[in-house]
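Letter by letter, the chains look like this.
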Number of protein chains: 2
Amino acid sequence: MKIAVLGGDGYCGWATALYLSAKGHAVSIVDNFIRRQWDHELGAQTLTPIRPLAERLRVWRELTGRSIDSYVGDVTDYDFLAAFMKASEPDAVVHFAEQRSAPYSMIDRKHAVATQVNNVVGTLNLLFAIRELRPDCHLVKLGTMGEYGTPNIDIEEGYIEIEHNGRKDTVPFPKQPGSFYHLSKVHDSHNIMFACKIWKLRATDLNQGVVYGTVTDEVSMDEALINRFDYDEVFGTVLNRFCVEAAIGHPLTVYGKGGQIRGFLDIRDTVRCIEIACHNPAAQGECRVYNQFTEQFSVLDIAHLVAAAAKKLGVNTEVEHLPDPRVELEEHYYNAKHSKLIDLGLQPHLLSDSLLDSLMNIALKYRDRIDPELILPQVNWRSPRNERRGQGSAGVARSLTQTR
Amino acid sequence: MKIAVLGGDGYCGWATALYLSAKGHAVSIVDNFIRRQWDHELGAQTLTPIRPLAERLRVWRELTGRSIDSYVGDVTDYDFLAAFMKASEPDAVVHFAEQRSAPYSMIDRKHAVATQVNNVVGTLNLLFAIRELRPDCHLVKLGTMGEYGTPNIDIEEGYIEIEHNGRKDTVPFPKQPGSFYHLSKVHDSHNIMFACKIWKLRATDLNQGVVYGTVTDEVSMDEALINRFDYDEVFGTVLNRFCVEAAIGHPLTVYGKGGQIRGFLDIRDTVRCIEIACHNPAAQGECRVYNQFTEQFSVLDIAHLVAAAAKKLGVNTEVEHLPDPRVELEEHYYNAKHSKLIDLGLQPHLLSDSLLDSLMNIALKYRDRIDPELILPQVNWRSPRNERRGQGSAGVARSLTQTR
């Protein structure tokens, strides 16, 4: 298949692009490198030393003989996106090209607006481009489990049958997202559902859980192919961040009670889920929703798992409960369905001791690159303006705030 | 009370501003006149000859001795909005300042994106401005009944209790909006709900039905205070449009079967509902949703009512069923609750023969201003690019399309 990976230079996008290329698909990457720019803005960097995209792609070609085309541009620029669609004629478009950090969207008004405009306009553009130029192309869109929030009922995959006052209907599952970022994904989901209805497009909305890990068969072929590993408080996901904290003897920073339960998955399952979605396209006019995660854990569960893995490597860690900078339930019911991708053939990589060992080893290997200043939360949901610490590398962010 | 009316030069906004001023409130209007600009773009104009805002306000002051402050600017410009909030210190902000036409949002990609960015960014800015500058101020936001779509179950006011797999929760009512405009209001609703939760803001989201009529006690005091009366296919609401069609002997243009049922209300009830909301502010942290309409009718019901009113004035009309340019159910179950505003004191002006007579008389009075070219639908939901008819006054719209 001809598959376009929008945001193919990012964490999930890069692993996905290589995996699909290895499987023999004709892969194109679209990226404008704004994810790398955000690192500069925040004074942060991935733990792992990622290479520029051009180098990554050259090494991949040398190692495997497989070419991945790259298109540098912004999906919010319709002329660029349309030109790309005409040039690449994809059978499926995998859309990772969004601002994906909740804390980033909560820094202040400008970041909230930038997140929602970037994500909503990019997705609207993509829907129009598919409709106008490639109407049979399958949209595989990354959503998030965070769209649902934490209702006191079971979470279904996208839709729920409701019986009310003696009548029944199947309707979109109600959304209660927890940040301006998560809200942007909810906006996308509604826009996509509507476009499928009026234009008979095909779409799969993948509500992904928290992704952990960095290694896939492909990225581990060569140091030049190494994937991102974010641990900073803005872009770092919780399991990766805890491993880094353990590696430098920093307490594991649990927000509040740590009873926040979320769906999690290994990045090796992310790439496989995308392939499954591409191989099984939605029908014309169908907006299918899959919940893309494999296990549920509480944040405190994760902290204890990381502490145990660290201990095996001779590293002692403590768990520290910080006041929760987010506005969220710290203890709640959570039971989210996630059987549809399994039914289509996903064989989960469950969180194992060996995976935790491998993550801890990566954190230890690159320990010298860790900036402890980046770990503690600086973005408070309750404040409309978060001045980021101005020390050293975060100076850019501070001056941006000051000139506003 | 000090009440700000954002979009106070528009159809609902103007009637609301005068009504609240007459009741003794200190009213400020914020408007950037983009609604008048859209008329120029579309080659359309209100049936009634509205005056510039400055003249309207001068005449109002001369007639009543009451001043309404006006602030010219765009709510998507945060610096302007923040300066306004500091200068006017409102107790309540009534937010009408959005692009409100479904067909306008469906013209093409640019109009879809412009609608969503304008509405979402304006509302985000307002939420931040309230949080930062006036945290106790009550946001009264205009939503639309179109956010709900037409589910096969009763529509509640904003929230629904769901029992699912033996557990219960009260969650936001699922949204199935029918245009990129209606989607923008859904996006707003989610953003507002979240802001109330994290920042303890007070908000009332008024999901308004289709408004008809043009006369309130205030706007009828003087010809210079006359309100808009839109009849064109883009901004005209159905009842007003049918009256204009009857007045020039044009068939009443029913889209499809005409079994589309919607909630309707008289503009005199719109202004009263706003006052009720302002007098009964939401609690801190509460995002309250009221369904703001008084009666349900099908489009065909409305056509028959207008035909009967026209006949009494000696005007014979026909009903013409056009292919539905929208993607919507042409026959469906519809039962939307709307008791909360009644409970707070709303006494509805139900659709009456006398109101229909008065509307027909307005349509006949201004018959010479009617452009029949503006009546037939030119925006097809199924097409991603609608070339508007280029004849005469619509030339601006055509050239915009051609240079894209």
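Residues numbered from 1 in each chain as written. Chains lettered and ligands numbered in written order. Predicted model: local features only at pLDDT ≥ 70, side-chain atom pairs only at ≥ 80, totals over all residues. Heavy atoms only, no water.

Trainee: Can you walk me through helix 8 (residues 238-247) of chain B in this structure?
Mentor: One full turn of an α-helix is made of 3.6 residues, so residues set three or four places apart face in the same direction. Residue and element names in this part refer to chain B. The element helix 8 is largely enclosed, with a buried count of 10 among its 10 residues. Along helix 8, the residues that are buried comprise Val-238, Leu-239, Asn-240, Arg-241, Phe-242, Cys-243, Val-244, Glu-245, Ala-246 and Ala-247. Those residues of helix 8 that are buried are in contact with helix 1 (11-22), strand 9 (210-212), strand 10 (252-255), strand 11 (261-266), helix 10 (299-312) and helix 12 (353-365). (Buried < 20%, exposed > 50% of the residue type's maximum accessible area, 1.4 Å probe, protein only. Helix = DSSP H or I, 4+ residues; strand = E, 2+ residues; numbered from the N terminus. Contact = heavy atoms within 4.5 Å.)

Trainee: Please explain the state of the cysteines as it appears in this structure.
Mentor: In a disulfide, the sulfur atoms of two cysteines are covalently bonded to one another. Following the criterion strictly, the structure yields 0 disulfides over all chains and no others. Unpaired in terms of disulfides, Cys12(A) finds its nearest cysteine sulfur in Cys273(A), a separation of 11 Å. As a non-bridged cysteine, Cys137(B) has Cys278(B) as the owner of its nearest cysteine sulfur, 9.2 Å distant. A residue is classified by how much of its surface remains accessible, and Cys137(B), at 2% relative accessible area, is buried. (Disulfide = S-S within 2.5 Å.)

Trainee: What exactly am I supposed to notice about the environment of Ala102(A) here?
Mentor: Residue and element names in this part refer to chain A. Examined against the element boundaries, Ala-102 turns out to sit in helix 5 (residues 102-105). You can call Ala-102 buried: its relative accessible area is 5%. A sequence separation of 10 residues divides Ala-102 from Ala-112, and the C-alpha atoms of the two residues are 9.4 Å apart. Non-local contacts of Ala-102, meaning those with residues more than four positions away in its chain, are made with Ser-179, Tyr-181, His-182, Arg-326 and Trp-381.

Trainee: Just checking my understanding: could you explain the relation of the copies chain B and chain A for this structure?
Mentor: One copy of the chain maps onto the second through a rotation about an axis and a displacement along it. You can overlay chain B on chain A at an RMSD of 0.0 Å; the transform is a turn of 180° with a shift of 0.0 Å along its axis. Accordingly, the operation relating the two chain copies is best matched by a two-fold axis. The overlap is high: 100% of the interface residues of chain B also sit at the interface in chain A, so the same surface is used on both sides. (Least-squares fit on C-alpha atoms with pLDDT ≥ 70 in both.)

Trainee: Would you explain the interface of chain B and chain A in this entry?
Mentor: Interface extent is often summarised as the accessible area lost during association of the parts. On the side of chain A, 53 residues touch chain B, which itself brings 53 residues to the contact. The interface formed by chain B and chain A includes 2 salt bridges. Viewed at the interface, chain A and chain B are joined by 22 residue pairs in polar contact (both at pLDDT 80 or more). Looking at the side of chain B that touches chain A, the elements that each hand over two or more residues are helix 6 (109-133), strand 6 (159-164), strand 7 (167-172) and helix 7 (180-199) of chain B. With 12 residues, the top contributor of residues to the side of chain B that touches chain A is helix 6 of chain B. The residue inventory of the side of chain B that touches chain A, partitioned by class, reads 27 nonpolar, 12 polar and 14 charged. (Salt bridge = Lys/Arg side-chain N within 4 Å of Asp/Glu carboxyl O. Polar contact = N/O pair within 3.5 Å; in protein donor to acceptor, adjacent residues only side chain to side chain. Nonpolar A, V, L, I, M, F, W, Y, C, P; charged D, E, K, R; others polar.)

Trainee: For this particular structure, what's the right way to read the pattern of salt bridges?
Mentor: Where charged atoms of side chains with opposite charge meet at close range, the side chains can pair. Within the structure shown, the criterion is met by 50 salt bridges over all chains. Across the pair Lys257(B) and Glu331(B) runs a salt bridge whose closest N-O atoms are separated by 3.5 Å. Linking Lys257(B) in the loop between strand 10 and strand 11 with Glu331(B) in the loop between strand 14 (319-322) and helix 11 (340-343), this pair joins segments that are 74 residues apart in sequence. Its relative accessible area of 49% is what places Lys257(B) among the partly exposed residues. The class of Glu331(B) is exposed, set by a relative accessible area of 56%. Within this structure, Arg35(A), Asp39(A), Arg100(A), Arg228(A) and Asp230(A) form a network of salt bridges that share partners.

Trainee: Even after reading the chapter, I still don't get the packing of aromatic side chains, so can you show me in this structure?
Mentor: Tallied over the full model, the rule gives 20 aromatic pairs over all chains. A ring pair is formed by Tyr104(A) and Phe235(A), whose centres lie 5.8 Å apart and whose planes are at 45°; its orientation type is tilted. Linking Tyr104(A) in helix 5 with Phe235(A) in the loop between strand 9 (210-212) and helix 8 (238-247), this pair joins segments that are 131 residues apart in sequence. Judged by centre distance (5.4 Å) and plane angle (85°), the rings of Tyr148(A) and Phe173(A) are edge-to-face. Of the two residues, Tyr148(A) sits in the loop between strand 5 (138-144) and strand 6 (159-164) while Phe173(A) sits in the loop between strand 7 (167-172) and helix 7 (180-199), which places them 25 residues apart along the sequence. Accessibility expressed as a relative area gives 0% for Tyr148(A), which makes it buried. Counting every residue linked through ring pairs, the aromatic cluster contains Phe128(A), Phe194(A), Trp199(A) and Phe180(B). The ring of Phe235(A) carries Arg35(A) above its face, with NZ or CZ at 3.7 Å from the centroid. (Phe/Tyr/Trp six-rings, centres within 6.5 Å; stacked < 30°, edge-to-face > 60°. Lys NZ or Arg CZ within 6 Å of the ring centre and 35° of its normal.)

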